[in-house]
Amino acid sequence: MTQRSAGSGRTQAKITAVLGPTNTGKTFFAIERMLAHKSGMIGLPLRLLAREVYDRIVKTRGSAEVALMTGEEKIVPKNPRFYVCTVEAMPLDIPVACLVIDEIQLCADPERGHVFTDRLLHARGLEETMFLGSDTMRGPIQRFVPGAWFVSRSRFSDLAYTGSKKLTRLPRRSAVVGFSADDVYGIAEVIRRQRGGAAVVLGALSPRTRNAQVALYQSGDVDFLVATDAIGMGLNMDVDHVAFAASEKFDGARMRPLQPQEIGQIAGRAGRYMNDGTFGVTGECEPFEDELVNRVETHRYDPVRVLQWRNSDLNFLSLDRLIESLDAPPPERGLARARPASDAVALRLLSGDDEIKPLASSREMVAKLWDVCQLPDFRKLSTDEHVRLVRAIFLFLAGPEGVISDDWLARQIARADVIEGDVATLSGRLAQIRTYTYAAHRAGWTRNGAHWQELTRAVEDRLSDALHEKLTQRFIDRRTSVLMKHLRDEDFVSLTLDEAGGVAIGGEAIGRLDGFRFVPDPRAQGIHGRTLRAAALKGLEGELATRLHRLAHAPDDAISLSEHGKLWWDGAIVGRLAAGSSPLTPAVLLLADEHLKGDARTAVETRLNEWMRARIAVRLQPLLALREAADAKTGETTALPGMARGIAHQLAENFGALDRSRISLPEKLGPLLRALRPFGIWVGRRTVYIPKLLRPDAASLLALLWGVWTKQEAPPAPPAPGLTSFEIDTGTLEEFLSAAGFASVAGRAIRFDMLERLEDELEKALAAGTDAETLLVKIVSLLGSSKDQGRAVLEALNWREVPVEGAAPVWRRSREKPRRQKQPVSKPLPNSPFAGLAALISTK
């Protein structure tokens, strides 16, 4: 029944890995799945996030069904069905039907990674286990959790880099990220002086203070949020832009550059659900390199190869045995022993203490000492200070009473229960009270746990409120009634537009100009919505006309196309692709307010359509040339003969690839091949395709055009450049893979040219008499798959492993021809030559 093992002797529960970048709804999806079970438990990376999720579930299920368990806070009703915890505080001895671990990529974190790795290896639900996180964890999960199901989720919105901006030029609804409390406070001071104020969020804040600060930002009292990288761990706020104030951080041991995936995790807070977001740098942070920007915008990062690990099967027979078991080497490759954490450091120092050593002489007392060593170092003063506190608590627990002295604990709490002081002083007292809150929640550490829990909670609440008030006084200049006055007096002459697109009247924000669309500020919209919008559009007429002219004459490199089919210009989305008259001629829809009409609008629409046609012409030139030849009239020099013309039309309508099993070809291919050869068409064993279209720029564009033509709500991301084979995710359509240059074989996507090469190797091996195992190893190497997957691919290609008398087995073609599934007949395009033929046939 234990959750720390998959459990021999009982049915293997389903294990699902839900992977993808930020803003894919992974956590929301997992919570809904968990609540569909009779019981569940979710482990989250932050106390703040655990509290947020707990409050959300309580609203729908009631407080009687939900428990909250973190190191400093426990709310446990009599018979809870669901547990919301920090990953470290998960009560794994409680069996639940569904168990969820969020941000599983933290298995690679130098400080906390060993805890997440332990959960990955051992924590299981009775019916279902879910791991949520970055796609960089796919490889380790496949290795250490065989049989896991993978669900890939794509980001709902675009994320684009906008370069470097001064703090004074950042767009409203921005989050500025620093990597220390001093950095956060310094940035917030500048924003207060220049932009009116900012809310602050740090991981060290109590949930009460953090929620109060976030409420200021969400309500619109301030337009800026200054935070540490804590916002990267699923704390959801309405952020449009994320600005990095630094590109390196202290990871507990040294200063190091941010990894691309860390930048992506934080930048991904910009743009929630279907709202697109941007990111950039500010202050003294150097602009990001193009390669890094590309990786963040396309969410492609280096896979995690090594997980942090620490032995969790500890030996409490003696202090030496405990330290020896903590130092045990990883049991297999792919795991690296984690660097000593604060608990292990405290244990080593106290094991040499002349007063502690004789007290920790039994299994029970060794275990108790280890329990006390795991007290988190909230105060972050020094290692010696923390060890002294751990020592003091253990001496109480090992003493005659076996609990912490009431008088001593009361004095410590009273020392922290002072609400006067500045931000730094109050933050220090909050760290102190968090220590005693943790102690009060440990079973057996105090004589009356409930009393001390209530007392420390009350002190934490008072300190939290005081800190929130100090933060507000220090970093926020309260909004005045200037905007109301100007709206009431209809003083619209004072409308201004800043460099970031913010629109203001009398210095107060009324919205922003996003490309060619005016987006009202939610705080101002409710005052006089129609008047406000009319005033803004009237005052912006000159700016809109200038932008229309600039875009109409913009150079090609000033416009870009995202993987979601959106056209960007000057840091804003100005158009999107829509299905046109044929797969290769999409329409570009200008995203602009309805009042923009006339020649200027027409010129911009023409420019965007010309840009898109030019992009297609360059990247898909072979396919366009083929379509032109197919459309040429009989007798023209470029006209194709009948059979070749039919193949050409089908290739143009099917994004440059045809499955040979679905078309009829003559027995003698010579004339057909000679007609098609000038267009670079390859008639393969299984696919007719154009090799030049397999290049990443062409393949990604074809995949996007397929999504536009088939009207996919969220077009799937194209395969990574250079990838020749990969396992197909559930729900991926074969038509999409074909447009991207891949064939679907036995659950794997194999690029057309690699499939040809694979079958060439099979033919060579058959001729040479290569034994089955040697051939399989080579096929697996080509595909980058497991042997089981390689064998499944060969069998799907109609090859069978057959025994040979007196020799090793070999692979040969099966004599039985594979059955062809009857394919649905698709309707030809209205302008296609096949449309008239279909009409004639239907009248017979």
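Residues numbered from 1 in each chain as written. Predicted model: local features only at pLDDT ≥ 70, side-chain atom pairs only at ≥ 80, totals over all residues. Heavy atoms only, no water.

A short note on empty space enclosed by the protein
Consideration 1: A complete count under the given rule lists 2 cavities of 30 Å³ or more for this structure.
Consideration 2: Space inside the largest cavity adds up to approximately 60 Å³.
Consideration 3: Every residue lining the largest cavity is counted, 14 residues in all, and those nearest its centre are F655, G656, L693, L694 and G741. (1 Å grid on protein atoms, 1.4 Å probe; cavity = no way out; pocket = protein on both sides within 12 Å on 5 of 7 lines; lining within 4 Å. Points joined across faces, edges and corners; volume = space filled by probe spheres on them.)

Let's talk about the sheet that holds strand β28 (residues 682–683)
Consideration 1: Here 3 strands make up an open sheet; going across it, the order is β27-β29-β28 and the pairing antiparallel. Where the open sheet ends on each side, the last strands, each with one partner, are β27 (657–659) and β28.
Consideration 2: With 3 bridges connecting them, β27 and strand β29 (residues 687–689) associate as antiparallel partners. Directly across from D659, in β29, lies its bridge partner T687.
Consideration 3: Contacting β27 and β29, helix α23 (residues 642–653) crosses the sheet at an angle of about 110° to β27.
Consideration 4: Of the strands in this sheet, β27, β28 and β29 are in contact with helix α27 (residues 752–768), which crosses β29 at around 135°. (Pairing = 2+ DSSP bridges. Helix = DSSP H or I, 4+ residues; strand = E, 2+ residues; numbered from the N terminus. Contact = heavy atoms within 4.5 Å. Axes fitted to C-alpha atoms, helices over the stretch in contact; angles between N-to-C directions.)

Focus on the packing of aromatic side chains
Consideration 1: Scanning the model with the defined rule gives 11 aromatic pairs in all.
Consideration 2: Taking NZ or CZ as reference, R153 lies 5.1 Å from the ring centre of F29, over its face.
Consideration 3: R173 extends its terminal NZ or CZ atom over the ring of Y217, reaching a point 3.9 Å from the ring centre. (Phe/Tyr/Trp six-rings, centres within 6.5 Å; stacked < 30°, edge-to-face > 60°. Lys NZ or Arg CZ within 6 Å of the ring centre and 35° of its normal.)

Some remarks on the confidence of the model for the chain
Consideration 1: Summarising the model, the chain shows a mean pLDDT of 86, and 89% of its residues fall at 70 or more.
Consideration 2: Confidence scores differ between elements of the chain, with helix α17 (residues 482–488) showing the lowest mean pLDDT of 46 and strand β6 (residues 98–101) the highest of 97.
Consideration 3: Contacts of residues 479–485 to residues separated by more than four positions or lying in other chains number 15 contacts, the stretch itself having pLDDT below 50. (pLDDT = per-residue confidence, 0-100.)

Side note on α27
Consideration 1: The terminal C-alpha atoms of α27 lie 25 Å apart, and with 17 residues this matches the ideal 24 Å at 1.5 Å per residue to within 8%.
Consideration 2: The set of residues buried in α27 consists of F752, M754, L755, E756, L758, E759, E761, L762 and A765.
Consideration 3: Count one or two residues on from α27 and you reach G769, which has phi positive near 75°. (Expected span 1.5 Å × (residues − 1). Buried < 20%, exposed > 50% of the residue type's maximum accessible area, 1.4 Å probe, protein only.)

Brief notes about the pairing of strand β24 (residues 566–569)
Consideration 1: Residues K566 and W568 point to one face of β24 and L567 and W569 to the other, with burial holding for every one of them.
Consideration 2: The pairing of strand β23 (residues 559–561) with β24 spans 3 bridges and is antiparallel. Residue pairing in the sheet places S560 in a bridge with W568 of β24.
Consideration 3: Count of turn residues in the β23/β24 antiparallel hairpin: 4 residues, of which G565 carries a positive phi of about 80°.
Consideration 4: Where β24 lies against strand β25 (residues 572–582), 4 bridges are found, and the strand directions are antiparallel.

Quick word on the pattern of salt bridges
Pairs may arise between side chains of opposite charge once their charged atoms sit close together.
Consideration 1: In this structure the tally under the stated criterion is 50 salt bridges.
Consideration 2: With a shortest N-O distance of 2.4 Å, R51 and E73 are connected by a salt bridge. Here E73 lies in the loop between β3 (66–69) and β4 (74–75) and R51 lies in helix α2 (residues 47–61), a separation of 22 residues in the sequence. Accessibility classification places R51 together with E73 in one group, the buried group.
Consideration 3: One continuous salt-bridge network, built from bridges that share partners, spans R47, R51, D55, E72, E73, R434, R457 and E460. (Salt bridge = Lys/Arg side-chain N within 4 Å of Asp/Glu carboxyl O.)

Describing the packing of helix α14 (residues 406–416) against helix α16 (residues 449–475)
Consideration 1: The geometry of α14 relative to α16 is characterised by a closest axis approach of 10 Å and an angle of 10° between their N-to-C directions. Our classification of the angle between α14 and α16 gives roughly parallel. Contacts between α14 and α16 involve D406, L409, A410, I413 and A416 from the first element and W452, L455, T456, V459 and L463 from the second.
Consideration 2: For the contact of α14 with α16, the per-class residue count stands at 8 nonpolar, 1 polar and 1 charged. (Parallel < 35°, antiparallel > 145°, perpendicular 65-115°, else oblique. Nonpolar A, V, L, I, M, F, W, Y, C, P; charged D, E, K, R; others polar.)

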